[in-house]
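Each chain is listed here by its residues.
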Amino acid sequence: SSGSTQSTGGEEGLVGAPGVDGKLVDPPVTPQDPVWDIWTEIITEVVTKNNWGQKGEKGEMGIPGFDGSDGAPGADGAKGAPGSDGAPGADGQPGTDGIPGNDGAKGETGPKGERGAPGMDGSNGAKGVKGAPGQKGLAGIKGQKGEKGISGEKGDKGNDGKCNIDDYSPCNCDTHVVTRHSQSVDTPDCPAEFTSLWSGYSLVFFEGNGYGLSQDLGDAGSCLEDFQLLPFMQCSASDVCRHGVRTDKSFWLGTNQGADFASKPMNNIDEILPHISRCRVCMGTKYIIARHSFKATAPACPADFSEIWTGYSYVMVTSSSTSGGGQDLSSAGSCLENFFLPTFIECLGRGTCSYYINNLDYWLAQNQETNQPGMWGMGNVYSGLNDILNQGVSRCVVCARNSL
């Protein structure tokens, strides 16, 4: 500006003294090292007495310094990859026995083992108490005819009789036995003028070892006083008898209980007895016969005979095997008062009773009055109880000879 004086620059000054080299100020030792003081004096003297010029060329490498102290631990490195499996180690020494474990759960029952060999005979036991009286046995076999007795003394002379060749007066000194079956659980009555001998259960026939033995239902042998599923036993020549052999059978007249062929066989006596017919054995002086009509109506009794009962003409039975048995068609046993199907029930040695569809009844058939009466019914099938009674089964009558 006006009135002022413009100043000019002065001459360039001298080069300043060199600065302190930071590397010399910080010696490569620590205060704890024994040479620390020596380094400090050298550095101080160099700095104070020498004027430093331009940086000189790099000097020769000095002698190696002392090892520095250990540095602080570095940060953990990254986890390395798994190493390869080492070689198998040697087997260790066997360990000591462990403490016993708890009992395991009970296992399932194993299969039945084979039958073992018979054990040795035990010692004789103490004498048992006297048993209760046994059941009444069956009637014994009829004995052989006895020897002729000693002749009796001659009797007194009788009154003179009258000889009329046309007279017929039957003697009533003989006795006759007839058995009647109710085909129910009720015991039947004897016919008029007949006396009861016993009552029981209606037996049809036995089967043992495949062979059958039938009973005439009009005779006393068909009415057993006691009921057993198997009333007989099987005996061999070795002094051994077996009661209730599984293949043995008995057959009894049934009752109108109805047969369920699909039901399980009965094995309880209280369940079985309602299926067993009752019977009665009767004795009288009248001769008994049966007559069959081959019609749907019962026939009349012959002259000098009176009717005892009417019924259905029963012929025979067969079991599932080849055995069976039949009735004498002149016997009262061939004229059953009721018609039931099946007529009988089968009991087995294993302790059961039941109805079996392959057990068969046989009855006399009707012979209708047609242009060929002897050919009636050939090939006919009667289905249902009404057809069987009206067209199939013959009727009969049981008659007793009148006393004159």
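Up top you'll find the structure we're talking about.
Residues numbered from 1 in each chain as written. Predicted model: local features only at pLDDT ≥ 70, side-chain atom pairs only at ≥ 80, totals over all residues. Heavy atoms only, no water.

Undergrad: Could you clarify how one ought to interpret the state of the cysteines in this entry?
TA: Any covalent bond linking the sulfur atoms of two cysteines counts as a disulfide. Summed over the entire model, instances satisfying the criterion amount to 6 disulfides. Two residues share a disulfide in this structure: cysteine 223 and cysteine 279, whose sulfurs sit 2.1 Å from each other. Around the S-S axis, the bridge from cysteine 223 to cysteine 279 shows a dihedral of about 95° and counts as right-handed. Separated by 56 residues along the polypeptide, cysteine 223 in strand β4 (residues 223–224) and cysteine 279 in strand β8 (residues 278–284) bring together distant segments of the chain. Across the pair, cysteine 279 and cysteine 223 agree in class, each one buried. The partner cysteine of cysteine 347 in its disulfide is cysteine 353, sulfur to sulfur 2.0 Å. Its S-S torsion of about 110° marks the bond between cysteine 347 and cysteine 353 as right-handed, since a negative value means left-handed. Note on cysteine 347: relative accessible area 0%, which makes it buried. Take the cysteines of the protein chain that form disulfides and number them in order along the sequence; they join up as 1-6, 2-5, 3-4, 7-12, 8-11, 9-10. (Disulfide = S-S within 2.5 Å. Helix = DSSP H or I, 4+ residues; strand = E, 2+ residues; numbered from the N terminus. Buried < 20%, exposed > 50% of the residue type's maximum accessible area, 1.4 Å probe, protein only.)

Undergrad: It is not clear to me how the side chain of arginine 280 should be interpreted in this structure. Could you clarify?
TA: Checked against the element boundaries, arginine 280 lands in strand β8. Separated by 2.6 Å, the side chain of arginine 280 and the backbone oxygen of proline 188 make a polar contact. Dropping the residues within four chain positions of it, arginine 280 is found in contact with Val178, Thr179, Arg180, Thr187, Pro188, Asp189, Cys190, Ser196, Trp198, Ser199 and Cys223. (Polar contact = N/O pair within 3.5 Å; in protein donor to acceptor, adjacent residues only side chain to side chain. Contact = heavy atoms within 4.5 Å.)

From the geometry alone we can't say anything about function, so treat these as descriptive.
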